[in-house]
Amino acid sequence: MIAETEREYRQPAERKGKPANKILEREKKERDQKNGVAGSPEREQVLRSLDFGLAVMASAKTTLRSRATAGVASVKENGAKLEENLNLFKTDKFDAESYVQSKCSLNEKEIRHLCSYLVDLKKASAEEMRRSVYANYTAFIRTSKEISDLEGELLSIRNLLSTQAALIHGLAEGVHLDSLSASGAQRYIANGLSSSEDREPSELEKWLVDFPDLLDVLLAERRVDEALTAFDEGEHVISEAKEMETLSLDALMSLQSAISERKQKLADQLAEAACQPSTRSSELRAAISSVKRLGDGPRAHTLLLNAHLQRYQYNMQSLRPSSSSYGGAYTAALSQLVFSAIAQAASDSLTIFGKEPAYMSELVIWATQQTEAFAELVKRHALASSAAAGGLRAAAECVQIALGHCLQLEARGLSLCPLLVKHFRPSVEKAVDANLKRIAESTAALAAADDWVLTYPPTITRQSGRLTSLGAISAYNYKLTSSAHRFNLMVQDLFDDVGPLLSMQLGSKTLEGVYQVFNSYVSMLIKALPNSIDEETNFDGTGSKIVRIAENEAQQIALLANASLLAEELLPRAAMKLSPYNQGDHNDDSRRRAVDRQNRNPEQREWRRRLVSSVDRLKNNFCQQHALDLIFTEDGDSHLTAAMYINMDGTVDEIEWFPSLIFQELFLKLNRISSIATDMFVGRERFATLLLMKLTETVILWLSQDQSFWDDIEEGPKTLGSLGLQQFYLDMRFVILCASQGRYLSRNLARVFNEIISKAMTAFASTGMDPDSVLPEDSWFDEVCQEAIERLSGRPRLVNGDRDPNSPTASVSAQSVSSIRSHGSS
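Engineer: With reference to specific residues and values, describe the nonpolar core.
Structural biologist: One broad rule of soluble globular proteins: the nonpolar side chains tend to lie buried together. One finds F424, F518, F663 and F734 to be the most contacted residues of the largest nonpolar core, which totals 157 residues. No other element matches the 13 residues that helix α20 (residues 553-575) contributes to this core. Sequence-distant contacts of F663, that is, excluding residues within four places in its chain, are made with L640, Y645, I700, L703, D731, M732, F734 and V735. Counting 37 residues, the second largest nonpolar core, distinct from the first, contains L208, L228, L270 and F353.

Below is the structure:
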């Protein structure tokens, strides 16, 4: 009979038309009838424990009642005091406005000041909070992950405590727990049948037996959705059984254990399927969603990230970087794999888990780790070789590709570009340094064979692959020597490569490097001057380099043309490529130069000033060299001595007034340099004017500072006579007139002339004679100087083939000069 009953019980129960609540109600009635059986020894022990617990609770209740009584007394006492304080408000004469005024000691101005202070304090507090958040962001993310893990552990502990409470409750009701295994339901039914062999199993009991088998079938056939529905049905039955108490604790725990074991088994199956590289994206999302529905959200999110990681790592196996492969192609392929995987992971995480902070933090940490791993791969296989060889173009292209892919993640809330910049910056800086070194070496090699002849730039292919031809740069109309052309083109390539990498903040380093290279090139140009001496030449590495000497004035002025054009025009314009607002092309050249001057930031203006200062070193050496050639002979004797003025008064020969020979040579040299500079500095006449001004100042300043010359004039054995003073005055007026007509007479030069003339006149006055009485009018000196300028220029004033008799220098004797002086003094 028992066997037949078991077979009948194990048949599938037909549950159609029988709601679960009716089954649970009937099971409750049957269990209530069964509880009439006498209690077991365990029941008696539990009852004794409960009696002891009730006694303890009674004692605690008495203690609490005594404490409550004391608390009530204290409240009453405080209430009495409060009643006294409130009597003020109950009087008929109470004035609310005067009461408030008496309590408020602040006036309106102080209240406004206090409000302003509180607002500032609020802003400072918000700023401090923002800095604190940024400073502790990593710790916050880690703490959030730990809190999420702790929440899971607390949930597990709560479940365990609920189980223990259910066990104690079962003992109190006289239920004996034999086992918590999956077969508990069957043993429970067998025990029930042994106590009541004639009772037919209920529908719920039959469902409890068939439910584990149903789950096993669904899991074996991988019918995930049906399995999840079955799990939900089982959880619903458990919930209703707990509320209506239709199941024994043994059956309830057995059902929970069966569901938990099969949930774990399904989760493992889904995890295994999700990690397969062949799993499609839709299947992966479905698997992760199923794991989340099983109640293990943290595991589901971690599983999602690991699945994307394994997928792109599997796809990376086809990438085989080699020394001969193109770094840009490898970087592009790797960037596509890595950042596409990060983007897809972010999209899946947002779709499945939403914007929950714990999951977003885990996503950010994971994306950061993958980006750092990607950066190391690119550095090892692409940037390292390019940086070592000075291949800035290749390195910059790799960085641009990586940043371009990474930038697309910002739309998904992931800003990882600063992380890439941090990892790539050292390699790119190394490439910049190698490129600068190559510019210096290449320019030095060309300077050793440069003929210092200015030419237009030839048509060549630059490093970046762009063509540079005469047509492309004819708008600037500049000429340089071969070494300067090479320097300019290489620096242009450098700025073209660094310009797009604005996010790496390489502008300052690049500008400083270009300045150092340019300063080294200027030192080589100084070394190309004959007999040049430069204090900085041996300190920048150019002392041992061989440079071809510029023999004539045209070649020497070409050196100045190289340096000035690079420093004032070409390099500053190229440096504008480092400005973010100047990345576009300018079609109108005249407008372009105006925009360049306006947009050049303070750092670039200071950089340009340093370039011009370096050119001044070359200009000073050029002027010093030519001034020394004028003043001294090859044997070291001076052409400019005091004797040439002092000894004039001792001669009886008729004097033909004309500038001294050294100043005639100065005039001829200035004319030659002016003619050459006019051809070389087309469109930049100001530099030519400053060069002539500097050369004239160098000669005159040397005369002003020649202490031996003035010692002979002021304290020599022979004093300066009237003729010597007149010749000296004529020489100075001649130089002044030449500089004035050439438009290179500066204020400083005019001041030096006045000091020199005043010094000579003071020396003459020390002899007891009035210098104004012996010097003709300035108009006479101007006429003499003008005629000298025309004669030296090859344009003398002639009358019938002879000199003009009205010329002030036609026949001027010492007596006639003295008569002019007398006329001038009168």
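Engineer: So, the environment of L723: which residues are in play, and what are the values?
Structural biologist: Tracing the backbone shows L723 in helix α27 (residues 722-741). We classify L723 as buried; its relative accessible area is 8%. Measuring from C-alpha to C-alpha, the distance between L723 and D649 comes to 5.7 Å, with 74 residues separating the pair along the chain. Beyond its immediate chain neighbours, meaning those up to four positions away, L723 contacts M648, D649, I655 and W657.

Engineer: Could you give an account of a negative patch on the surface, with specific residues and numbers?
Structural biologist: A cluster of acidic residues, D711, D712, E714 and E715, forms a negative patch at the surface. With respect to the element layout, D711 can be found in helix α26 (residues 707-715). What makes D711 partly exposed here is its relative accessible area of 32%.

Engineer: Could you give me a rundown of the pattern of salt bridges, with the residues and numbers involved?
Structural biologist: Applying the stated criterion across every chain, the model contains 25 salt bridges. Close ionic contact of E127 with R130 constitutes a salt bridge, the shortest N to O distance being 2.4 Å. In this pair, E127 and R130 both sit in helix α5 (residues 108-135), three residues apart, roughly one turn of the helix. The closest approach of N and O atoms between D497 and R393, which form a salt bridge, is 2.9 Å. One end of the pair, D497, is in helix α18 (residues 482-498); the other, R393, is in helix α15 (residues 392-407), with 104 residues separating them in the sequence. D497 sits in the buried class, given a relative accessible area of 1%. Each of the salt bridges in this network shares a partner with another, and the network as a whole consists of E127, E128, R130 and R131.

Engineer: Please set out empty space enclosed by the protein residue by residue, giving values where relevant.
Structural biologist: Under the counting rule described, the total for this entry stands at five cavities of 30 Å³ or more. As a volume, the second largest cavity reaches approximately 50 Å³. If you trace the second largest cavity, you find it lined by F663, L666, F667, L670, T696, F734, V735, C738, A739 and Y744. Residue assignment for the lining of the second largest cavity shows that the elements contributing at least two residues are α24 (661-680) and α27. Of the residues belonging to the lining of the second largest cavity, the class tally is nine nonpolar, one polar and no charged.

Engineer: Describe unusual backbone geometry, with residues and values.
Structural biologist: Negative phi is the rule for most residues except glycine; trans is the rule for most peptide bonds. Even without being a glycine, Q505 presents a positive backbone phi close to 55°. Position of Q505 among the secondary structure elements: in the loop between α18 and α19 (507-527). With phi around 60°, R743 is a residue other than glycine that occupies positive phi space. Looking at the element boundaries, R743 is found in the loop between α27 and α28 (747-765). Here R743 falls in the exposed class, since its relative accessible area comes to 73%.

Basis of the calculations
Residues numbered from 1 in each chain as written. Predicted model: local features only at pLDDT ≥ 70, side-chain atom pairs only at ≥ 80, totals over all residues. Heavy atoms only, no water. Core = buried A, V, L, I, M, F, W, Y, C linked by side-chain atoms within 4.5 Å. Buried < 20%, exposed > 50% of the residue type's maximum accessible area, 1.4 Å probe, protein only. Helix = DSSP H or I, 4+ residues; strand = E, 2+ residues; numbered from the N terminus. Contact = heavy atoms within 4.5 Å. Patch = residues over 30% accessible without salt bridge, like charges linked within 9 Å, V, L, I, M, F, W, Y side chains within 5 Å. Areas by Shrake-Rupley, 256 points an atom, 1.4 Å probe, with all protein chains shown as cover. Salt bridge = Lys/Arg side-chain N within 4 Å of Asp/Glu carboxyl O. Lys, Arg positive; Asp, Glu negative; His and termini not counted. Charge placed at Lys NZ, Arg CZ, Asp CG, Glu CD. 1 Å grid on protein atoms, 1.4 Å probe; cavity = no way out; pocket = protein on both sides within 12 Å on 5 of 7 lines; lining within 4 Å. Points joined across faces, edges and corners; volume = space filled by probe spheres on them. Nonpolar A, V, L, I, M, F, W, Y, C, P; charged D, E, K, R; others polar.

Nothing here speaks to function; it is geometry throughout.
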